[in-house]
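Descriptive structure summary
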Number of protein chains: 2
Amino acid sequence: MTTSLPLLTTDAARCCAPVAAGVMKADDAKRLARMFKALGDPTRVRLLSMIAAQSGAEACVCDLTEPVGLSQPTVSHHMKQLVGAGLVTREQRGKWAYYAIVPETLATLSNVLDPQSLRTGVGSSR
Amino acid sequence: MTTSLPLLTTDAARCCAPVAAGVMKADDAKRLARMFKALGDPTRVRLLSMIAAQSGAEACVCDLTEPVGLSQPTVSHHMKQLVGAGLVTREQRGKWAYYAIVPETLATLSNVLDPQSLRTGVGSSR
């Protein structure tokens, strides 16, 4: 049911201006919404935090199932959505899949939501 | 250094440590996921950017319908979700509803996604 279009991480790097920088372009809004949607689930937020907290910001799927108390297929399903949104990468090494954080995507989202630009906007309005 | 804006959404202000700071608590993950879910739609991302770009980071619903090309009930439905997630506040003034950005919520999300803490995590792992 879920269509997961491949999203290159360079897409995330190219996108997007802070929310307060002006009315967002439709394409940028679509791209961002996809990333936010992937984070719109408590299990996926926890999975992301687990990977991010690991040394090298990378984790084996075998280490993710127990902490969230879900089966491996369910965890893999969630991870597929994080991969599709460009938030993590997936690498198969023998039996296990390893997931690594894409810092550029986190930086993009963090920057987009940064309220600093709001003050500038407010201050420069008079 | 800090803003003197009133803390309207104490929930958002209380929540949450950066994703790389350790495995996120279930409650925090739930709270964050709700905010991200509200942003998981291109129209809502655009609406947020339109309000954020206004002077005072505030906008009348009457100015939001045309740019997104949607009816007022549809825009109001989207806005309700942004309000529910603590991303904007709503104030009725006579005939119109006015929406204002909650900078604290944006700051919370921006901080949670900040990949700076990743580097610390990676660096301090040896």
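Residues numbered from 1 in each chain as written. Chains lettered and ligands numbered in written order. Predicted model: local features only at pLDDT ≥ 70, side-chain atom pairs only at ≥ 80, totals over all residues. Heavy atoms only, no water.

You'll find chain A entered in an unreviewed UniProt entry as ArsR/SmtB family transcription factor, with Schaalia naturae given as the organism.

Residue and element names in this part refer to chain B. Summarising the element assignment, Thr65 is placed in helix α4 (residues 65–68). What makes Thr65 buried here is its relative accessible area of 17%. For Thr65, the residues in contact, after removing those within four places along its chain, are Leu70, Ser71, Gln72 and Val75. (Helix = DSSP H or I, 4+ residues; strand = E, 2+ residues; numbered from the N terminus. Buried < 20%, exposed > 50% of the residue type's maximum accessible area, 1.4 Å probe, protein only. Contact = heavy atoms within 4.5 Å.)

So, about helix α2 (residues 26–38) of chain A. Between the first and last C-alpha of α2 of chain A there are 19 Å, a value that for 13 residues agrees with the 18 Å anticipated at 1.5 Å per step. If you check which residues of α2 of chain A are buried, you get Asp28, Ala29, Leu32, Ala33, Met35, Phe36 and Ala38 of chain A. (Expected span 1.5 Å × (residues − 1).)

Turning next to the interface of chain A and chain B. Counting residues at the interface gives 40 residues for chain A, matched by 40 residues for chain B. When residues of chain A are sorted by the area they lose upon contact with chain B, Val19, Leu113 and Leu118 of chain A head the list and together hold 16% of the total. Counting every contact that joins chain A to chain B gives 0 salt bridges. For the pair chain A and chain B, the interface holds 5 residue pairs in polar contact (both at pLDDT 80 or more). For the side of chain A that touches chain B, the secondary structure elements donating two or more residues are α2, α3 (42–53), α6 (103–113) and α7 (116–123) of chain A. It is α3 of chain A that contributes the most residues to the side of chain A that touches chain B, 8 residues altogether. A breakdown of the residues in the side of chain A that touches chain B according to their chemical character gives 26 nonpolar, 7 polar and 7 charged. (Buried area = accessible area lost by both parts, 1.4 Å probe. Salt bridge = Lys/Arg side-chain N within 4 Å of Asp/Glu carboxyl O. Polar contact = N/O pair within 3.5 Å; in protein donor to acceptor, adjacent residues only side chain to side chain. Nonpolar A, V, L, I, M, F, W, Y, C, P; charged D, E, K, R; others polar.)

Another aspect to go through is the state of the cysteines. All names here are of chain A. In total, this model carries 2 disulfides over all chains according to the counting rule given. One disulfide bridge connects Cys60 with Cys62, the sulfur atoms lying 2.2 Å from each other. Between Cys60 and Cys62, the disulfide has an S-S torsion of 130 degrees and is therefore right-handed. (Disulfide = S-S within 2.5 Å.)

With that out of the way, let us pick up the packing of helix α3 (residues 42–53) of chain B against helix α5 (residues 72–84) of chain B. Pairs of packed helices are described in terms of their axes, by the angle between the two and the distance that separates them. Residues and elements named next belong to chain B. Two elements in contact, α3 and α5, have axes separated by 10 Å at closest approach and are oriented at 80 degrees. Classified by the angle between their axes, α3 and α5 sit roughly perpendicular to one another. When α3 is examined against α5, the residues Thr43, Arg44, Leu47, Leu48 and Ile51 are found in contact with a partner set consisting of Val75, His78, Met79, Gln81 and Leu82. A class-by-class count of the residues in the contact of α3 with α5 yields 6 nonpolar, 3 polar and 1 charged. (Axes fitted to C-alpha atoms, helices over the stretch in contact; angles between N-to-C directions. Parallel < 35°, antiparallel > 145°, perpendicular 65-115°, else oblique.)

Moving on, we come to the pairing of strand β3 (residues 96–101) of chain A. Residue and element names in this part refer to chain A. The sheet contact formed by strand β1 (residues 58–60) and β3 spans 3 bridges and is antiparallel. Looking at β3, one finds that Cys60 is bridged to Tyr98. Inspection of the sheet shows strand β2 (residues 88–93) paired to β3 by 6 bridges, in the antiparallel sense. Directly across from Gln92, in β3, lies its bridge partner Ala97. As consecutive antiparallel partners, β2 and β3 are separated by 2 residues, and within that stretch Gly94 has a phi angle of approximately 60 degrees, a positive value. (Pairing = 2+ DSSP bridges.)

We now examine the environment of Ala53 of chain A. If you trace the backbone, Ala53 of chain A turns up in helix α3. Along the backbone, Ala53 of chain A and Ile101 of chain A are 48 residues apart, and their C-alpha atoms lie at a distance of 9.8 Å. In this structure Ala53 of chain A touches Val19, Ala20, Gly22 and Val23 of chain B, once residues within four positions along its chain are discounted.

This paragraph deals with the environment of Thr43 of chain A. Residue and element names in this part refer to chain A. Position of Thr43 relative to the elements: it lies in helix α3. Here the alpha-carbon distance between Thr43 and Val68, two residues 25 residues apart in the chain, equals 7.2 Å. Ignoring sequence-local partners within four residues, the contact set of Thr43 consists of Leu70 and His78.

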